Amino acid sequence: MKNNLTLKSLAETKNLGSELANEILKKESDKAFIIFLSGDLGTGKTTLVKEIISAFGINDPVKSPTFTIVEPYEMVSRNIYHIDLYRINTPSELSVIGLEEYINEPNAIIFIEWPENSYGFLKKFDMKISLKHSAEDERKCKIELNP
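What comes next concerns the included structure. Given the structure is predicted, the values throughout are model-derived calculations rather than measurements.

1. Looking at helix α2 (residues 45–55)
Okay, so step 1: Looking at α2, one finds that the buried residues are K45, T46, L48, V49, E51, I52 and I53.
Okay, so step 2: Its buried side turned inward, α2 meets α1 (10–25), β2 (33–38), β3 (70–74), β4 (79–84), β5 (109–113) and β6 (127–135).
Okay, so step 3: G57, located one to two residues past α2, shows a positive phi value of around 95 degrees.

Right under this line is the structure:
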């Protein structure tokens with residue numbers, strides 16, 4: 001898998017979503033697999049998560065967690081949580097939403113948008129995806145994996 005790429009269409013985002021889904025599903029452990037998603041508003045963080053979740057075979061509509069903060073999904077053997085910290089204003093809110101319980105759940109998959117709003121609570125990720133506008137219909141995507 002390439003670490004730096006340019007996404008020029010929704011089809012390319014879907015392909016990346018499938019590729020990332022396969023990579024994520026290879027990782028099973030007694031702890032959650034945490035994916036940080038960084039980028040400005042409108043760079044496609046939620047769209048990419050939708051494509052990954054779809055590639056997992058989940059047919060439920062995938063909703064943005066901007067207002068709910070956490071959107072859960074279920075696979076046969078794993079729980080998936082899509083978390084958006086954009087509206088988090090204080091560290092105490094992380095406790096209220098149960099962030100610690102989510103990240104300590106064995107074998108869960110957790111997508112976290114705006115991890116920088118965790119006030120240092122989230123320090124470790126298994127995968128980090130950074131998206132950045134490069135043209136009107138283009139996004140630069142950087143993927144980092146922690147060994």
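2. Looking at the sheet that holds strand β7 (residues 138–145)
Okay, so step 1: Spatially, β1-β7-β6-β2-β5-β4-β3 is the arrangement adopted by the 7 strands of the open sheet, whose pairing is mixed. The two strands at the open ends of the sheet, each matched to only one other strand, are β1 (4–7) and β3. This sheet shows a mean twist of 20 degrees between the axes of neighbouring strands, independent of strand direction.
Okay, so step 2: Relative to β4, β3 runs antiparallel, the two sharing 5 bridges. Residue E71 lies in a different strand from β4, and its bridge partner there is H82.

Calculation notes
Residues numbered from 1 in each chain as written. Predicted model: local features only at pLDDT ≥ 70, side-chain atom pairs only at ≥ 80, totals over all residues. Heavy atoms only, no water. Buried < 20%, exposed > 50% of the residue type's maximum accessible area, 1.4 Å probe, protein only. Helix = DSSP H or I, 4+ residues; strand = E, 2+ residues; numbered from the N terminus. Contact = heavy atoms within 4.5 Å. Pairing = 2+ DSSP bridges. Axes fitted to C-alpha atoms, helices over the stretch in contact; angles between N-to-C directions.

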